[in-house]
Amino acid sequence: NMSRARWVVGNWKMNGSIAANEALLAAVRELPRIGANVGVCAPYVYLPQAVQALDKSAVVVGAQDLSAHAASGAFTGEVSGAMLAEVGVRQVIVGHSERRQYHGETDEIVAAKALAALGAGLVPIVCVGETLVERDADQAFEVVNRQLGAVMAALGERINEVLVAYEPVWAIGTGRTASPEQAQEVHASIRAKLGSAGAVVPVLYGGSVKASNASSIFAMSDVDGGLIGGASLVAGDFAAIVAAL
Ligand code: PEP
């Protein structure tokens, strides 16, 4: 759907080194982009490197997380949205399933982080998605609605400023991708849940997107792009996925 912005965003997770990033960022900088906006979410310490390497390019730099606390203070190890914005970051992933799973992030924490991101002038990329157990129990729609509902309650009308990423947990890093039809039906339910904001909020799919399956997923009417983990670390693969959008 061309009335919504289309995005391919890389999530590097905890990967990279100054030398490896230099080569990857140089390749990302040169990507020919047709319909896609492109973002790269790097580990905190490499964000200034990414901002510098992508300076005056159209590629947006994102972070993978931020503190739920807006004001500076005694929060050892945390990084605020204001700090990210100051170094040139423009978007930030919130509620990635790895944060929910390994760091105990609840729907309420994720909602607070989305609000903190907006408060700092960053675009939150709100991740939602069910586990395999939840899918097998026919709870996928219910879980995604609950996760999104918490963010909607916190953001109110500002929900129209976010990106949403539907990332079924069973498809992340597993090589197992949702079928285009499985993605489409959840994306359609997300769009319905978003109400009037659904007309403008891009809903990205994430979970083992590769060059070989990207175009069939991106062809679905409610899929507005992708959040790409593993394949975003290989310049040629990431380029092929951007070209598929
Ligand atoms: C992710 O973690 O956001 C993701 C989609 O990972 P992968 O593409 O590796 O499944």
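Residues numbered from 1 in each chain as written. Predicted model: local features only at pLDDT ≥ 70, side-chain atom pairs only at ≥ 80, totals over all residues.

Q: It is not clear to me how the overall build of the protein chain should be interpreted in this structure. Could you clarify?
A: Secondary structure assignment for the protein chain yields ten helices and eight strands. Overall size of the protein chain, expressed as C-alpha extent along the three principal axes, is 45 × 45 × 30 Å. Buried residues in the protein chain amount to 48% of all 245 residues. Taking contacts inside the protein chain between residues at least 6 apart in sequence as the whole, the part at least 24 apart equals 72%. (Helix = DSSP H or I, 4+ residues; strand = E, 2+ residues; numbered from the N terminus. Buried ≥ 20, exposed ≤ 12 C-beta atoms within 10 Å, placed from the backbone. Contact = placed C-beta atoms within 7 Å.)

Q: Which parts of the structure should I look at to understand helix 5 (residues 107-119)?
A: Residue pairs three or four apart in sequence face the same way in an α-helix, which turns once every 3.6 residues. Here helix 5 is 13 residues long and its end C-alpha atoms lie 18 Å apart, about the 18 Å a rise of 1.5 Å per residue gives. Taken together, the buried positions of helix 5 are occupied by Val-110, Ala-111, Ala-112, Lys-113, Ala-114, Leu-115, Ala-116 and Ala-117. Against the buried residues of helix 5 lie helix 3 (81-86), strand 4 (91-94), strand 5 (123-128) and helix 7 (140-155). One or two steps after helix 5, the chain reaches Gly-121, where phi turns positive at roughly 80 degrees. (Expected span 1.5 Å × (residues − 1).)

Q: Help me understand the sheet that holds strand 2 (residues 37-41), please; the structure alone is not making it clear to me.
A: Strand pairing within a sheet occurs via backbone hydrogen bonds; the two strands may be parallel or antiparallel. Strand order in this closed barrel of eight strands is 1-2-3-4-5-6-7-8, and the pairing throughout is parallel. Each strand axis lies, on average, 25 degrees off the axis of its neighbour in the sheet, ignoring direction. In the packing of helix 5 onto the sheet, contacts are made with strand 4 and strand 5, and the angle to strand 4 comes to roughly 175 degrees. (Pairing = 2+ DSSP bridges. Axes fitted to C-alpha atoms, helices over the stretch in contact; angles between N-to-C directions.)

Q: Just to check I follow, could you spell out the pairing of strand 4 for this structure?
A: One face of the sheet, then the other: side chains in a regular strand alternate in exactly this way. Residues Gln-91 and Ile-93 of strand 4 are buried on one face, and the alternating residues Val-92 and Val-94, pointing to the opposite face, are buried as well. Bridge count for strand 3 (residues 60-63) against strand 4 is two bridges, and the pairing is parallel. Residue pairing in the sheet places Gly-62 in a bridge with Gln-91 of strand 4. Since strand 3 and strand 4 lie parallel, the crossover through helix 3 that links them has a hand, and here it is right-handed. (Right-handed = clockwise from strand over helix to strand, strands pointing away.)

Q: What am I meant to see in unusual backbone geometry here?
A: Leaving glycine aside, a negative phi is the common case for residues, and trans is the common case for peptide bonds. Positive phi values are uncommon outside glycine, yet Lys-13 reaches one of about 55 degrees. In this fold, Lys-13 is placed in the loop between strand 1 (7-11) and helix 1 (18-29). Positive phi, close to 60 degrees, is recorded for Asp-138, a residue that is not glycine. Its location among the elements puts Asp-138 in the loop between helix 6 (132-136) and helix 7.

Q: Whenever I open this one, the nonpolar core confuses me. Can you help?
A: General note: in soluble globular proteins, nonpolar side chains tend to be found buried as a group. Counting residues in hydrophobic clusters, the biggest one holds 80 residues, and the most contacted among them are Val-92, Ala-114, Ile-125, Val-126, Val-164 and Tyr-166. By residue number, the principal contributor to this core is helix 7, which donates eight residues. Setting aside residues no more than four positions away along its own chain, Val-126 makes contact with Val-94, Gly-95, Ala-114, Val-151, Val-162, Val-164 and Ala-165. (Core = buried A, V, L, I, M, F, W, Y, C linked by C-beta atoms within 7 Å.)

Q: Got a minute to help me understand the UniProt feature "active site" (unreviewed entry) in the protein chain in this structure?
A: The UniProt record annotates "active site" (unreviewed entry) at His-96 and Glu-167. Their sequence span is 72 residues, while the largest C-alpha to C-alpha distance among them is just 8.3 Å; these annotated residues converge on one region. Residue placement: His-96 occurs in the loop between strand 4 and helix 4 (97-102). Not counting residues up to four positions away in its chain, the partners in contact with His-96 are Gln-64 and Cys-127. Mapped onto the fold, Glu-167 is located in the loop between strand 6 (163-166) and helix 8 (180-194). (UniProt positions renumbered as here; feature names shortened; annotations may be inferred.)

Q: Looking at this structure, I do not really get the UniProt feature "binding site: substrate" (unreviewed entry) in the protein chain. What am I missing?
A: The positions that UniProt labels "binding site: substrate" (unreviewed entry) are, in the present scheme, Asn-11, Trp-12, Lys-13, Gly-173, Ser-208, Gly-229 and Gly-230. Spatial clustering of the annotated residues is evident: they stretch over 220 residues in sequence, but the largest pairwise C-alpha distance comes to 13.7 Å. The exposure class of Gly-173 is partly exposed, given the 13 C-beta atoms found within 10 Å. Excluding anything up to four places from it in sequence, Gly-173 contacts Gly-229 and Gly-230. Turning to its location among the elements, Gly-230 is positioned in the loop between strand 8 (225-228) and helix 10 (235-244).

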